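Secondary and tertiary structure notes
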Amino acid sequence: MIARIYKPTRTATQSGSAKTLEWILEFTPSVARNVDPLMGWTSSSDTQAQVILRFPSKETALKYAEEKGIDVQVCDPKTRRTNIRPRGYGENFATNRKEAWTH
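Quantities reported herein were computed from a predicted structural model and do not represent experimental measurements.

1. Re the overall build of the chain
Within the chain one finds one helix and six strands. Traced from its N-terminal end to its C-terminal end, the chain shows the element sequence β-β-β-β-β-α-β. Scaling as 2.2 N^0.38, a compact globule of 103 residues should have a C-alpha radius of gyration of about 13 Å, whereas the chain reaches 22 Å, well beyond that. Projected onto its principal axes, the C-alpha positions of the chain cover 65 × 45 × 15 Å.

Here's what the structure looks like:
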């Protein structure tokens with residue numbers, strides 16, 4: 001039983017940091033999904049794939065996995081460089097502009 005510990009990323013429509021502050025322990029599926037021939041639904045007999053555990057830090061997730069004897073693979077997040085403009089948002093409406101402003 002192998003699990004993956006990671007910090008989730010923001011969704012495409014998300015500008016804030018909600019749901020990205022905690023770490024997730026998620027089990028990797030041990031059985032492939034199969035397609036029902038009649039309805040076309042996908043299903044699996046692996047119930048561990050439904051389990052998602054949330055932790056406040058990576059250390060607590062690793063400690064939990066160690067206590068329960070779970071093999072883990074840790075995926076560290078890639079940090080983004082902050083985008084801070086020298087004059088900020090007000091620069092878009094500056095009246096002392098030297099050249100023409102275009103998009």
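2. Brief notes about the packing of aromatic side chains
Given two aromatic rings, their pairing is described by the distance between the two centres and the angle made by the two planes. Taken as a whole, this structure holds one aromatic pair when the rule is applied. Plain terms: the ring middles of F55 and Y64 are 5.4 Å apart, the flat faces sit at 45° to each other, and that makes the pair tilted. Judged by relative accessible area, Y64 falls into the partly exposed class, the value being 27%. Between the NZ or CZ atom of R4 and the centre of the ring of Y6, over which it lies, the distance is 4.1 Å.

3. Brief notes about the environment of C75
By the element assignment, C75 lies in strand β6 (residues 71-75). Judged by relative accessible area, which is 27%, C75 ranks as partly exposed. Separated by 25 residues in the primary sequence, C75 and Q50 have C-alpha atoms spaced 19 Å apart. Non-local contacts of C75, meaning those with residues more than four positions away in its chain, are made with R4, I5, Y6, K7 and W23.

4. Digging into a nonpolar patch on the surface
The grouping of L38, M39 and W41 at the surface amounts to a nonpolar patch, some 420 Å² of accessible area in total. Of note, L38 is situated in the loop between β3 (34-35) and β4 (42-43). Classification of L38 as exposed rests on a relative accessible area of 73%.

5. Topic: the sheet that holds strand β2 (residues 23-27)
Within a sheet, each strand pairs with its neighbour through backbone hydrogen bonds, oriented either parallel or antiparallel. Overall, mixed pairing links the four strands, which are arranged β5-β2-β1-β6 in an open sheet. Every other strand in the sheet has two partners, leaving β5 (52-55) and β6 as the edge strands with one partner each. With strand direction ignored, the average angle separating the axes of adjacent strands in the sheet is 25°. Sheet topology places strand β1 (residues 2-6) next to β2; four bridges connect them, and they run antiparallel.

6. Focus: unusual backbone geometry
In this structure, K19 is a non-glycine residue whose phi angle is positive, near 65°. Tracing the backbone through its elements, the reader meets K19 in the loop between β1 and β2. Looking at K19, the relative accessible area reads 70%, which means it is exposed.

Analysis parameters
- Residues numbered from 1 in each chain as written.
- Predicted model: local features only at pLDDT ≥ 70, side-chain atom pairs only at ≥ 80, totals over all residues.
- Heavy atoms only, no water.
- Helix = DSSP H or I, 4+ residues; strand = E, 2+ residues; numbered from the N terminus.
- Rg over C-alpha atoms; globule rule 2.2 N^0.38 Å.
- Phe/Tyr/Trp six-rings, centres within 6.5 Å; stacked < 30°, edge-to-face > 60°.
- Buried < 20%, exposed > 50% of the residue type's maximum accessible area, 1.4 Å probe, protein only.
- Lys NZ or Arg CZ within 6 Å of the ring centre and 35° of its normal.
- Contact = heavy atoms within 4.5 Å.
- Patch = residues over 30% accessible without salt bridge, like charges linked within 9 Å, V, L, I, M, F, W, Y side chains within 5 Å.
- Areas by Shrake-Rupley, 256 points an atom, 1.4 Å probe, with all protein chains shown as cover.
- Salt bridge = Lys/Arg side-chain N within 4 Å of Asp/Glu carboxyl O.
- Pairing = 2+ DSSP bridges.
- Axes fitted to C-alpha atoms, helices over the stretch in contact; angles between N-to-C directions.

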